[in-house]
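Listed below are the residues making up each chain.
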Amino acid sequence: MKWLLCIIRPERLDVVRDALNKLNVVGGVTVTPVKGCGHQRGSSTPYRGVQSRLRFVEKIRIDIVVPQEDVSRVMTLISQLAYTGNLGDGKIFTIDVKEAMRIRTGELGAAAL
Amino acid sequence: MKMISCIIRPDKLEAVASALDTLKIIGMTLTDVRGFGRQKGQTERTPEGESNLRFLSKVKLDIVMQDGDVDKVLAAIGEAARTGAVGDGKAFVIDVEGAMRIRTGEKGANAL
């Protein structure tokens, strides 16, 4: 199982969520409002060698855990829908998940997803 | 690649962000969270037997970096965030298998 940790623009959330629904491979999604910055230190105009203060910009974090074989498909989908081509589009990280449990039933592993 | 996920006091955010900036680590995600540790959120000693769980406001910082940067980032976070009092927080190191920059499709270290 792999955990996809995605940071995207807030305005792309609806479109990403709808597509994940249709794909039907994802059992569940957790969404958290966060703030963040990358190389541009939170400014939307290109860095021109001037020290600018670190600014945190509103983003949305989407956490999804999927079976290994779905990673590629889900990553491609999210990145295509979250893309605008401008600085601040976000990132997707993949992290290995050792175990998962569905609290209601106690099911473990892939059955928990 | 590794992710350092650290919980710190909210008023230490500027100091930590500054320290990371000095190390040229400038990508990070910040989340407002609430939590407690061994002291169950109590800042003063409570009589034995009383358990009064209090969730305290903290800030979580998630930073992904190259493996080789972990030690110096941990040291910088510790130094900037530490007050010595209970509630200073924790930092966890998590293995990150993949990374992608959405704007360009760059993967791996180039995504950071």
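This text follows the structure it describes.
Predicted model only: the values in this text are computed from it and were never measured.

Before going further, it helps to spend a moment on the overall build of chain B. Within chain B, the regular secondary structure consists of 2 helices and 5 strands. Listing the helices and strands of chain B from first to last along the sequence gives β-α-β-β-α-β-β. For chain B, the exposed surface amounts to about 6500 Å²; the carbon and sulfur share of it is 47%.

The subject of this paragraph is the packing of helix α1 (residues 13-22) of chain B against helix α2 (residues 70-81) of chain B. All names here are of chain B. At their nearest, the axes of α1 and α2 sit 8 Å apart, and the two run at 150° to each other. As for the relative orientation of α1 and α2, their crossing is right-handed in sense. Judged by residue contacts, Ala15, Val16, Ala19 and Leu20 of α1 engage Val73, Ala76, Ile77, Ala80 and Ala81 from α2. Residue composition of the contact of α1 with α2, grouped by class: 9 nonpolar, no polar and no charged.

Turning our attention to the state of the cysteines. Here, the word disulfide means a covalent bond between the sulfur atoms of two cysteines. A complete count under the given rule lists 0 disulfides over all chains for this structure. Cysteine A:Cys6 remains unbridged, with the sulfur of A:Cys37 as its closest cysteine sulfur at 18 Å. Relative accessible area serves as the criterion here: at 0%, A:Cys6 is assigned to the buried category. Left unpaired, B:Cys6 is separated from the closest cysteine sulfur, that of A:Cys37, by 13 Å.

Once that is clear, we can look at the packing of aromatic side chains. Residue and element names in this part refer to chain B. For the structure shown, the criterion picks out 1 aromatic pair over all chains. Pairing Phe36 with Phe55 gives two aromatic rings, centres 5.1 Å apart and planes at 65°, and the pair type is edge-to-face. In this pair, Phe36 sits in the loop between β2 (28-35) and β3 (56-65) while Phe55 sits in the loop between β2 and β3, placing the two residues 19 residues apart along the sequence. Owing to a relative accessible area of 52%, Phe55 belongs among the exposed residues under this scheme.

A separate point is the sheet that holds strand β4 (residues 91-96) of chain A. Strand order in the open sheet formed by 9 strands is β4(B)-β1(B)-β3(B)-β2(B)-β2(A)-β3(A)-β1(A)-β4(A)-β5(B), with antiparallel pairing between adjacent strands. Only two strands of the sheet have a single partner each, and these edge strands are β4 (89-95) and β5 (98-101) of chain B. Going from strand to strand, the sheet's axes swing by 25° on average, the running direction of each strand aside. Judged from the 4 bridges that link them, β4(A) and β5(B) form a sheet pairing that is antiparallel. Residue A:Ile92 lies in a different strand from β5(B), and its bridge partner there is B:Met100. In this fold helix α2 (residues 71-82) of chain A packs onto β1 (2-8), β3 (57-66) and β4 of chain A together with β5 of chain B, with an angle of close to 5° to the strand it touches most, β1(A).

Calculation criteria
- Residues numbered from 1 in each chain as written.
- Chains lettered and ligands numbered in written order.
- Predicted model: local features only at pLDDT ≥ 70, side-chain atom pairs only at ≥ 80, totals over all residues.
- Heavy atoms only, no water.
- Helix = DSSP H or I, 4+ residues; strand = E, 2+ residues; numbered from the N terminus.
- Areas by Shrake-Rupley, 256 points an atom, 1.4 Å probe, with all protein chains shown as cover.
- Axes fitted to C-alpha atoms, helices over the stretch in contact; angles between N-to-C directions.
- Left-handed = near helix turned anticlockwise from the far one by under 90°.
- Contact = heavy atoms within 4.5 Å.
- Nonpolar A, V, L, I, M, F, W, Y, C, P; charged D, E, K, R; others polar.
- Disulfide = S-S within 2.5 Å.
- Buried < 20%, exposed > 50% of the residue type's maximum accessible area, 1.4 Å probe, protein only.
- Phe/Tyr/Trp six-rings, centres within 6.5 Å; stacked < 30°, edge-to-face > 60°.
- Pairing = 2+ DSSP bridges.

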